[in-house]
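# Observations on chain architecture
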Amino acid sequence: MIPQSPQDKDFPWWLLVAVAIGGWMLWQVLTDDIYTQVLQTLGKGARVTIFVTLVGFTLASALGLLLAVMSLSRFLVLRQVARFYIEIVRGVPIIVLLLYVAFVLAPMLVAGWNGIRDVIGLDPIRPRDFSLMWRAIIALTIGYSAFIAEVFRAGLQSIEKGQIEAAEALGLGPWHRFRLIVFPQAFRRILPPLGNDFVAMVKDSSLVSVLGVTDVTQLGKVTAAGNFRYFETYNVVALIYLMMTICLSLALRRLEKHLRQKAG
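Here is what the cut-offs are and how they apply
- Residues numbered from 1 in each chain as written.
- Predicted model: local features only at pLDDT ≥ 70, side-chain atom pairs only at ≥ 80, totals over all residues.
- Heavy atoms only, no water.
- Helix = DSSP H or I, 4+ residues; strand = E, 2+ residues; numbered from the N terminus.
- Buried < 20%, exposed > 50% of the residue type's maximum accessible area, 1.4 Å probe, protein only.
- Contact = heavy atoms within 4.5 Å.
- Lys, Arg positive; Asp, Glu negative; His and termini not counted.
- Charge placed at Lys NZ, Arg CZ, Asp CG, Glu CD.
- Salt bridge = Lys/Arg side-chain N within 4 Å of Asp/Glu carboxyl O.
- Expected span 1.5 Å × (residues − 1).
- Bend = angle between axes of the 7 residues up to and from the residue.
- Core = buried A, V, L, I, M, F, W, Y, C linked by side-chain atoms within 4.5 Å.
- Axes fitted to C-alpha atoms, helices over the stretch in contact; angles between N-to-C directions.
- Parallel < 35°, antiparallel > 145°, perpendicular 65-115°, else oblique.
- Left-handed = near helix turned anticlockwise from the far one by under 90°.
- Nonpolar A, V, L, I, M, F, W, Y, C, P; charged D, E, K, R; others polar.

## With respect to the overall build of the protein chain
Each helix and strand in the protein chain was counted, giving ten helices and zero strands. Along the protein chain, helices (α) and strands (β) appear in the sequence α-α-α-α-α-α-α-α-α-α when read from the amino end. On the principal axes, the C-alpha backbone points of the protein chain span a range of 70 × 65 × 30 Å. Looking at the protein chain as a whole, 36% of its 264 residues qualify as buried. Taking contacts inside the protein chain between residues at least 6 apart in sequence as the whole, the part at least 24 apart equals 76%. Placing the 25 positive and 17 negative side-chain charges of the protein chain at their respective mean positions leaves the two points 5 Å apart.

Below, the structure written as structure tokens:
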């Protein structure tokens with residue numbers, strides 16, 4: 001049975017303080033007309049933020065797992081390609097990556113796609129038809145996949161060789177060993193850092209506002225510039241992000257505890 005860590009036994013005083021602060025801010029929002037108007041406007045951006053985060057993190061996790069498997073491959077070329085990608089992408093700030101994908105990579109992709117369409121006799125598409133939201137999702141996918149790949153790699157390497165040898169003795173092939181033995185155990189170990197990356201992407205999704213994507217941050221800037229109520233507007237922006245990240249953190253802790261009990 002996996003032992004509980006000391007913090008698992010602590011009473012969540014921090015949560016009480018957070019709930020008290022959040023409750024006070026929510027009461028202000030619900031009882032003040034200005035706050036209510038701001039919340040109604042920013043609610044549209046919250047849907048965009050959630051969509052960008054969920055799609056970006058799903059794609060980044062899939063690509064990260066592929067990179068982790070490649071980095072542990074017995075083939076030198078695959079290992080070197082994966083390491084090159086991870087080290088280069090991790091060295092580029094997310095905001096620089098967003099700008100590069102939006103204004104360099106996306107036009108290159110459109111130009112390449114137009115070349116294919118021209119060969120088969122279809123009309124070309126315009127670069128502006130490639131939505132800024134999907135450019136932002138691609139950038140977040142590329143950026144976070146490098147960090148998630150390292151999380152997956154560490155988890156996969158943490159599985160004892162005896163587990164794999166026992167699976168081989170039972171006649172399981174490489175795919176079945178990975179799916180039934182290695183990955184389920186690795187997933188329980190990587191869930192905390194993987195959850196941290198998820199929460200970080202929720203916050204970093206605010207950077208897509210530099211591209212004009214109408215997320216919470218962008219709508220907050222536009223709203224504050226229009227009503228000059230910077231204090232109220234950015235209070236609501238902070239409240240929305242806090243509600244998303246705290247709820248997500250609590251859900252991840254609950255899932256982590258459930259997996260520990262199941263493993264025990």
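## Describing the pattern of salt bridges
Across all of its chains, the model carries seven salt bridges by this definition. Among the ionic pairs, glutamate 87 bridges to arginine 83, the shortest N-O distance being 2.7 Å. One end of the pair is glutamate 87 and the other is arginine 83, both in helix H4 (residues 76-90) and four residues apart, which spans about a single turn. Here glutamate 87 falls in the partly exposed class, since its relative accessible area comes to 38%. When salt bridges that share partners are traced, they join Arg83, Glu87, Arg90, Glu150 and Arg153 into one network.

## Remarks on unusual backbone geometry
Despite not being glycine, phenylalanine 228 has its phi angle at roughly 60 degrees, a positive value. Looking at the secondary structure, you find phenylalanine 228 in the loop between helix H9 (216-227) and helix H10 (230-263). The class of phenylalanine 228 is exposed, set by a relative accessible area of 62%.

## What to know about helix H6 (residues 132-157)
Compared with an ideal rise of 1.5 Å per residue, which puts 26 residues at 38 Å, H6 spans 38 Å between its outermost C-alpha atoms and is within 8% of the ideal. Of all the bends in H6, the largest measures some 35 degrees and sits at serine 145.

## Things to note about the nonpolar core
Leu42, Leu98, Leu140, Tyr144, Ile148, Val236 and Ile240 are the most contacted members of the largest nonpolar core, which has 56 residues in total. The set of elements that each furnish at least two residues to this core consists of helix H2 (13-31), helix H3 (33-71), H4, helix H5 (94-119), H6, helix H8 (174-204), H9 and H10. In this view, isoleucine 240 contacts Leu39, Leu42, Ala46 and Val216; residues no more than four positions away in its chain are not counted.

## A look at the side chain of serine 209
With respect to the element layout, serine 209 can be found in the loop between H8 and H9. Leave out the neighbours within four places in its chain, and serine 209 touches Asp215, Thr217, Gln218 and Lys221.

## Describing the environment of serine 249
Note that serine 249 resides in helix H10. Classification of serine 249 by relative accessible area gives partly exposed; the value is 26%. Each C-alpha atom, one on serine 249 and one on tryptophan 13, is 15 Å from the other, the two residues being 236 residues apart in sequence.

## Structural notes on H5
Since there are 3.6 residues in each turn of an α-helix, residues three or four apart along the chain are aligned in direction. Under the 1.5 Å per step criterion, the end-to-end length of H5 is 35 Å for 26 residues, consistent within 8% with the ideal 38 Å. Approximately 40 degrees is the largest bend angle found in H5, and it occurs at valine 101. Along H5, the residues that are buried comprise Ile94, Leu97, Leu98, Val101, Ala102, Ala106, Val110, Asn114 and Arg117. Buried residues along H5 sit in contact with H4, H6 and H8. Where H5 terminates, the next one or two residues include glycine 121, which has phi positive at roughly 85 degrees.

## Focus: the packing of H5 against H6
Where H5 meets H6, the axes come as close as 9 Å, and the angle between the chain directions of the two elements is 130 degrees. Taken together, the axes of H5 and H6 lie oblique to each other. Taken as a pair, H5 and H6 cross one another with a handedness that is right-handed. Mapping the contact onto sequence places Ile94, Leu97, Leu98, Val101, Ala102, Leu105 and Ala106 in H5 and Arg135, Ala136, Ile138, Ala139, Leu140, Ile142, Gly143 and Tyr144 in H6. Tallied by class, residues from the contact of H5 with H6 come to 13 nonpolar, one polar and one charged.

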